[in-house]
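Spelled out, the chains give:
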Amino acid sequence: MVYLQKYLEDCGCDPDLVQLIRLISRQMEPIRKAFLDNQFYEHTLNASGEVQAALDKWADAHLIKVIGESGYVREIASEEQEDIIRFENSRREYAMVMDPLDGSSLISTNLAVGTIVGIYESGGVMQKGSNLKAACYTLFGPLTVLVVSVGKGVQSFAWDPKSEHYYLLKKSFDIPEGKIYGSGGVYKDYIPAHEKVLSYFDEKGFKVRYSGSFVADCHQLLVYGGIYTYPALKKSPKGKLRLLFEANPLGYIITQAGGAITDGYQSPLDIQPEKVHQRTPIYIGSAGIIKKIEEIYREQ
Ligand code: AFP
């Protein structure tokens, strides 16, 4: 059996980057356990909206504390924090972007949610996604699965609670030209270009699969191909998803698996962020379909 740390070491990664990814991966069990904590779970059943906030905040505070104390990271930008957090005394200059609990509105339904992380080697968090050194996400499904890219393809690992290690599940992914799609937003808010894209999917016989968790909906693309989209809407031309915390880390991973990402015109990975919480429209998945979507947008 091949374990996470050994795999990353054999990839020739900087030993501190290996330790940082390992440290992040080790926080997933405490986060999963927090799902079962009465403090959070009972609130889920009783209150409206508050519970997701409680778990989001817990995961956020936990990750910031542990990663901050590690000395590897100079900056963290989190979807749960208004501003960038700086650790002036860190030994290394890694910078981390994260969505501590993506899809948290699904916690009360027991559908799959996840944690998304992107890592830059230096230069802070306000960078193009194409500069990422590594990205990973965890999917809390029937298995706790960690999907990682250090720029050498994409690998998935599963947590084994008995040995308390992540073991290699799949050492490479090659996203096929699938025929599933999921689109966020409401029909009456769709712009003409997006309506055209949906008509194209319809003509080609695509099937709808959308859960409301970006990380879960993207994970199925790694296996089956197809498209996840949260497009520009009439009411919100930048869509809903965040460039730093969602589009860039997942864009990096999907691209490393042979897929692609676009906002309709260009890859969000090539956009220089201006604001920490900047949003971007997203189409992500099979490379051939992304090409077709960009053609449709150009024709509009
Ligand atoms: P939450 O973390 O607030 O649930 O948002 C999740 C998310 O950013 C992304 O994971 C989903 O794909 C998308 O929002 C779902 O949005 P809709 O509820 O509008 O479909």
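Because the structure is predicted, anything quoted here is derived from the model rather than measured.

Quick notes on the rules
Residue numbers run consecutively from 1 along every chain, following the written order of its sequence. In keeping with the predicted nature of the model, local features appear solely for residues at pLDDT of at least 70, side-chain atom pairs appear and are counted solely at 80 or more, and the whole-chain, interface and lining totals rest on all residues. Computation of side-chain values: all heavy atoms of the structure, hydrogens and water removed. Residue ranges assigned to the domains are those given by an automatic or database domain assignment. Any two residues whose heavy atoms approach within 4.5 Å are treated as being in contact. A 1.4 Å probe defines the accessible area here, and the buried area is the portion of it lost by two parts on being joined, summed over both. When a carboxyl oxygen of Asp or Glu is within 4 Å of a side-chain nitrogen of Lys or Arg, the pair counts as a salt bridge. Side-chain atoms alone can form a polar contact between residues adjacent in sequence; in general such a contact is a pair of N or O atoms within 3.5 Å, and within protein one must be able to donate a hydrogen while the other accepts it. Pairs were defined over the aromatic rings of Phe, Tyr and Trp, the Trp ring being its six-membered one, requiring ring centres within 6.5 Å. Orientation was assigned from the angle between planes: stacked under 30 degrees, edge-to-face over 60, tilted for the rest. Every helix listed is a DSSP run of H or I at least four residues long, and every strand listed is a run of E at least two residues long, numbered separately from the N terminus. Here's how the labels work: a residue is buried when its accessible area is under 20% of the maximum for its type, exposed when over 50%, partly exposed in between, all with a 1.4 Å probe on protein chains only. For a lysine, the NZ atom is tested; for an arginine, the CZ atom; a charge sits over a ring if that atom is within 6 Å of the ring centre and within 35 degrees of the ring normal.

## Looking at the domain arrangement of the protein chain
Point 1. We note that the domain assignment places domain 1 (4–170) and domain 2 (180–299) within the protein chain.
Point 2. At the interface, 41 residues of domain 1 touch 28 residues of domain 2.
Point 3. Both faces considered, domain 1 and domain 2 share a buried interface measuring about 2600 Å² in area, 67% of it formed by carbon and sulfur atoms.
Point 4. When the area that domain 1 buries against domain 2 is broken down by residue, the three leading residues are Glu 79, Met 126 and Tyr 137, summing to 23%.
Point 5. Taken together, the links from domain 1 to domain 2 amount to zero salt bridges.
Point 6. The interface formed by domain 1 and domain 2 includes eleven residue pairs in polar contact (both at pLDDT 80 or more).

## Points about the packing of aromatic side chains
Point 1. In this structure the tally under the stated criterion is twelve aromatic pairs.
Point 2. With a centroid separation of 5.2 Å and an interplanar angle of 85°, the aromatic rings of Tyr 265 and Tyr 297 are classed as edge-to-face. With Tyr 265 in the loop between strand S12 (260–262) and strand S13 (282–285) and Tyr 297 in helix H9 (residues 287–299), this residue pair connects regions lying 32 residues apart in the sequence.
Point 3. Seen from their ring centres, Tyr 283 and Tyr 297 are 5.6 Å apart, and the 70° between their planes marks the pair as edge-to-face. Of this pair, Tyr 283 sits in strand S13 while Tyr 297 sits in helix H9, and the two are 14 residues apart along the sequence.
Point 4. Note on Tyr 297: relative accessible area 2%, which makes it buried.
Point 5. Here the aromatic cluster, defined as three or more aromatic residues joined through ring pairs, consists of Tyr 181, Tyr 200, Phe 201 and Phe 206.
Point 6. Note that Lys 170 overlies the ring of Phe 173, its terminal NZ or CZ placed 4.6 Å from the centroid.

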